[in-house]
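Chain by chain, the residues:
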Amino acid sequence: MPEGPSIIILKDKLKPFIGKRVINANGYAKGFDADQLIGKTLKDIRTWGKHTLLVFPKFTVRIHMMLFGSYKINEPVKKNASLHLEFSNGYVNFSISAVKLIVQPLDEVYDWSADIMSKEWDTAKAIKRLKAKPKTMICDALLDQKIFSGSGNIIKNESLFRARLHPESVIGEISDKKLEELIVEVINFTKDFLKWRKAGILTKHLNAYEKDICPRNHIPFHRADTGKTKRHSYYCEKCQELFD
DNA sequence: TAAGTTGTTCGGGG
DNA sequence: CCCCCGAACAACTT
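What you see is a predicted model, and the numbers here were worked out from it, not measured in a lab. Every chain's residues receive numbers from 1 upward, in the order its sequence appears when written. Note on labels: chains are lettered from A, ligands numbered from 1, in written order. Selection of residues for local features in this predicted model requires a pLDDT of at least 70, selection of side-chain atom pairs for listing and counting requires 80 or more, and totals for whole chains, interfaces and linings are taken over all residues. Each side-chain value is worked out from all heavy atoms of the structure, with water and hydrogens disregarded.

**Describing the domain arrangement of chain A**
Link 1 in the chain: For the domains described, the bounds stem from an automatic or database domain assignment. Under the domain assignment, chain A is made up of domain 1 (4-109) and domain 2 (112-235).
Link 2 in the chain: Taking only C-alpha atoms, the centre of domain 1 and the centre of domain 2 are 28 Å apart.
Link 3 in the chain: Counting from both sides, the interface comprises 15 residues of domain 1 and, opposite them, 15 residues of domain 2.
Link 4 in the chain: Once two parts are brought into contact, the accessible area they lose, counted with a 1.4 Å probe and summed over both, makes up the buried area. Here domain 1 meets domain 2 over a buried area of about 1,300 Å², counting both sides, of which 66% is carbon and sulfur.
Link 5 in the chain: We count a salt bridge whenever a side-chain nitrogen from Lys or Arg sits within 4 Å of a carboxyl oxygen from Asp or Glu. Inspection of the domain 1/domain 2 interface yields zero salt bridges.
Link 6 in the chain: Secondary structure elements follow DSSP: runs of H or I of four or more residues count as helices, runs of E of two or more count as strands, with numbering from the N terminus. Within the residue set of the side of domain 1 that touches domain 2, elements represented by two or more residues are helix H1 (4-14), strand E2 (44-48) and helix H2 (106-109).
Link 7 in the chain: Broken down by element, the side of domain 1 that touches domain 2 gets its largest block of residues, six residues, from H1. Contacts are residue-level and defined by heavy atoms, with any inter-residue pair within 4.5 Å sufficient.

**Here's the deal with helix H6 (residues 176-199)**
Link 1 in the chain: By this rule the span expected of a helix is its residue count minus one, scaled by 1.5 Å. Compared with the 34 Å implied by 1.5 Å per residue over 24 residues, the 35 Å span of H6 between its first and last C-alpha is a close match.
Link 2 in the chain: At the exit of H6 stands Gly 200, carrying a positive phi of roughly 75°.

And the structure:
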């Protein structure tokens, strides 16, 4: 479920609850006391990467759906929810989610310029952040939420394919031109991801993730768990250049 | 049925 | 004190 663009869709679906008071709240998320939300009014909903931020007057609730998480709005869940929130006009259930209370101002907690879905996304800063890790493989950097907040394994694989860059390329060896090209593809693919996800046709449009054959060369993709993150990479050795 | 999965945090060892 | 690595966690599909 939860790569960044999916969280934007969730935010839109939660909008009817803005301005409403929580009339009941519970859930098994550890380290979080749902009772404290009861009677509080939801002021706003924001997102940072894969974080869904429910803004209340004196604090914010941060929800992260991790790898297997999901949510349901106005639909019952089979198992207990990590967090169940009920408003006068409906309810939402978050399953397998990490829930955390944030009391600091959000601008102190989050760097919006690192969020690939944000209008404040800053390519120049991203290049700086990448260059600060010259020995890191690009496949790991694409999953680093401090650099590409909101990116996950799909965005990693698809943007590397689009930019014709090998996942095991070492940042310090990648040409500036290629790095910039990659970032353009990350942002473009993220927009496509959102558009296709909304239309329910995302998987049809994927070129690399979980694919067998390179659509450019019609030869088999290499599949390997790459980098320190050891997540699945799908790449074409013919058209994705390796910098090492 | 067992394995695999769009992810992150924690703690131990070096 | 920092880095690295494995474990832990949760539910659903194939």
